[in-house]
Amino acid sequence: MNELCELTIHEAHQLLQQREISSVELTESTLQRIAETEDRVHACLTITNDLALEQAALADACANEGQAEALTGIPVLVKDLICTTGIRTTCGSRMLETFVPPYDATVIEKLKAQKAVIIGKTNMDEFAMGSSTEHSAFFPTHNPWDLDRVPGGSSGGSAVAVATDQAIYALGSDTGGSIRQPAGFCSVVGLKPTYGRVSRFGLVAFASSLDQIGPLTKDVTDCALVMNCIAGHDARDSTSARYPVPDYTTQLVPDLKGLRIGIPQEYFVEGMQGEVRETLETAINKLQEIGAAIDWKASLPSTRYALAVYYILAPSEASANLARYDGVKYGFSAVKASSVIDATEKTRQLGFGTEVKRRIMLGTYALSAGYYDAYYVKAQKVRTLIRQEFDQAFQEFDALVTPTSPTVPFRLGEKLEDPLQMYLSDVCTLPINIAGVPAISVPAGFADGLPVGMQIIGKPFDEETILRIAFAYEQATDWHKKRPPLQ
Ligand code: GLN
């Protein structure tokens, strides 16, 4: 048998239920894998060995009584902006380097209710601002398919952890692509649920009208299983929706008969790599082979404004959300200061990195008197148009398919000096957050030996259809089985 850490959730669950393996063994296998690989990939910020093994022993007791749920005893790594009681939650920032939350995020409570085993916290771009994990205040994460390249971001640590079997699955967050883009770059499955589908109570806020928590997994079935656990209304998150949560595994069937899929032209952008385009075209032909009706001429004309809209709205919201880091209430505090103003300035000067400061400046500018109408209000209007175009497209199609990113993973350092180039790497994922609809990235092949992701976009609260398409594609291909050449 392979190493236990290579199992999926559903495989491990079956073995746990049959008592063929124990959660302690499974957890030890992932911890061992972290020890073997971490010096090369740097995916984790905190590893909670002892706590994890304690949780695993409790999960085993539960399984022995025949009470194992889908995630019971299965090791998970959590992006380090989701609050975990007693476990440091840094958000990839010096500002929160020593912050230990006194409470769990709702998603963590839900995982714990199933007796999941939390083995640690993953690296990320500071405050989730970035597309490469190079903006982490601590160290960059490396792509296991080529250690000189970025894993994507901002949930780069979570994507690498899943790709390298450091954990059976991981949680990430996605404001403009931060689950899907790294999932695509690392050849794993990543889902950004509909806005409001998963509670964000306990998620450190970046841009509140865009942020969502979601799973990164080794296959689509696992993704559905994690959604079954984390989705649903939460009275502590006023933006969480009251729609009932279906069983996301029931629609996972291996054909696409009767489904209409549109391919929006605008996503095959200028600057897209030729091999990525070809890989995507092959993947879309496969969808047709397994029964979908494909329309290559779908159109979402306002897509070209999405990047501009995002980089007004997200920094505006971030500038308001990040005002709370003043060195008084919690987090880093600059001690040597001559006055309250001086203390606040020094705290923010030393506590935040360059990209975070850039966003705060962009946001305060866009929100300031005189510019508010010209930038913020205008961007909100265009946001409505973008959303309306998605609504229209979904009258004709059950789902839309695009590349996850226009390129394969780029080299570490390649875009660090040029923020616009970095921002462009999310050009295919940002519009989805602007519209608030769900989208999943699945492994769709390789270009020059590097992973390519396919993004499947769905109607609001119709994660089931995109999971179905993703599942059928996965059954017809074996990209998800490929593992990076990391020993
Ligand atoms: N890369 C985008 C940004 O920097 C999206 C980040 C995210 O989804 N958290 O804002």
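Residues numbered from 1 in each chain as written. Predicted model: local features only at pLDDT ≥ 70, side-chain atom pairs only at ≥ 80, totals over all residues. Heavy atoms only, no water.

### Things to note about the sheet that holds strand S5 (residues 189-192)
Which entries qualify depends on this criterion: A pair of strands counts as paired when DSSP detects no fewer than two bridges linking them. Numbering goes from the N terminus for both helices and strands, where a helix is a DSSP run of H or I of at least four residues and a strand is a run of E of at least two. Lines are fitted to the C-alpha atoms to define the axes, a helix being fitted only along its stretch in contact, and any angle between axes, read from their N-to-C directions, falls within 0 to 180 degrees. Pairs of residues are marked as contacts when any of their non-hydrogen atoms sit within 4.5 Å.
Read across the sheet, 11 strands follow the order S1-S3-S2-S4-S6-S5-S10-S11-S9-S7-S8 without closing on themselves; strand pairing throughout is mixed. Each of the sheet's edge strands pairs with one partner strand only, and the pair in question is strand S1 (44-47) and strand S8 (293-298). Across the sheet, the mean angle separating the axes of adjacent strands is 30° when strand polarity is ignored. When strand S9 (residues 399-403) meets strand S11 (residues 450-458), the two strands line up antiparallel, connected through five bridges. Note that in S11 the partner of Pro403 across the bridge is Met454. The strands that helix H15 (residues 463-476) touches are S5, strand S7 (260-264), S9, strand S10 (439-447) and S11; relative to S10, the one it contacts most, it runs at about 20°.

### As for the nonpolar core
Put simply, the test is: What makes a nonpolar core is a set of buried Ala, Val, Leu, Ile, Met, Phe, Trp, Tyr and Cys residues whose side-chain atoms join them at distances within 4.5 Å. Only protein chains enter the calculation, and the probe is 1.4 Å; a residue is then buried if its accessible area is under 20% of its type maximum, exposed if over 50%, and partly exposed in between.
Counting 128 residues, the largest nonpolar core has Phe127 and Phe390 as its most contacted members. Top contributing element to this core by residue count: helix H9 (residues 306-321), with nine residues. Setting aside residues up to four positions removed in sequence, Phe127 forms contacts with Cys91, Ser93, Met95, Leu96, Val204, Phe206, Leu322, Tyr325, Phe352 and Val356. One finds Ile34, Leu77, Val117 and Ala161 within the second-largest nonpolar core, a separate group that totals 23 residues.

### Remarks on the packing of aromatic side chains
What counts here: Planes of paired rings set the category: under 30 degrees apart is stacked, over 60 is edge-to-face and the rest tilted, where pairs are Phe, Tyr or Trp rings (Trp by its six-membered ring) whose centres lie within 6.5 Å. Charge over a ring is defined by NZ of Lys or CZ of Arg lying within 6 Å of the ring centre and within 35 degrees of the ring normal.
In the structure shown here, the tally under the stated rule is 17 aromatic pairs. A centroid spacing of 5.9 Å and a plane angle of 70° characterise the contact between Phe127 and Phe352, whose relative ring orientation is edge-to-face. Separated by 225 residues along the polypeptide, Phe127 in the loop between strand S3 (117-122) and helix H5 (156-163) and Phe352 in the loop between helix H10 (340-351) and helix H11 (354-367) bring together distant segments of the chain. Judged by relative accessible area, which is 5%, Phe352 ranks as buried. Geometrically, the ring pair formed by Tyr310 and Tyr311 is edge-to-face, given 4.8 Å between the ring centres and 75° between the ring planes. Since its relative accessible area comes to 5%, Tyr310 is described here as buried. Its relative accessible area of 12% is what places Tyr311 among the buried residues. These aromatic residues form a ring-pair network of at least three members: Phe99, Phe127, Tyr325, Tyr330 and Phe352. If you follow Lys415 out to its NZ or CZ, it ends over the ring of Phe410, 4.6 Å from the centre.

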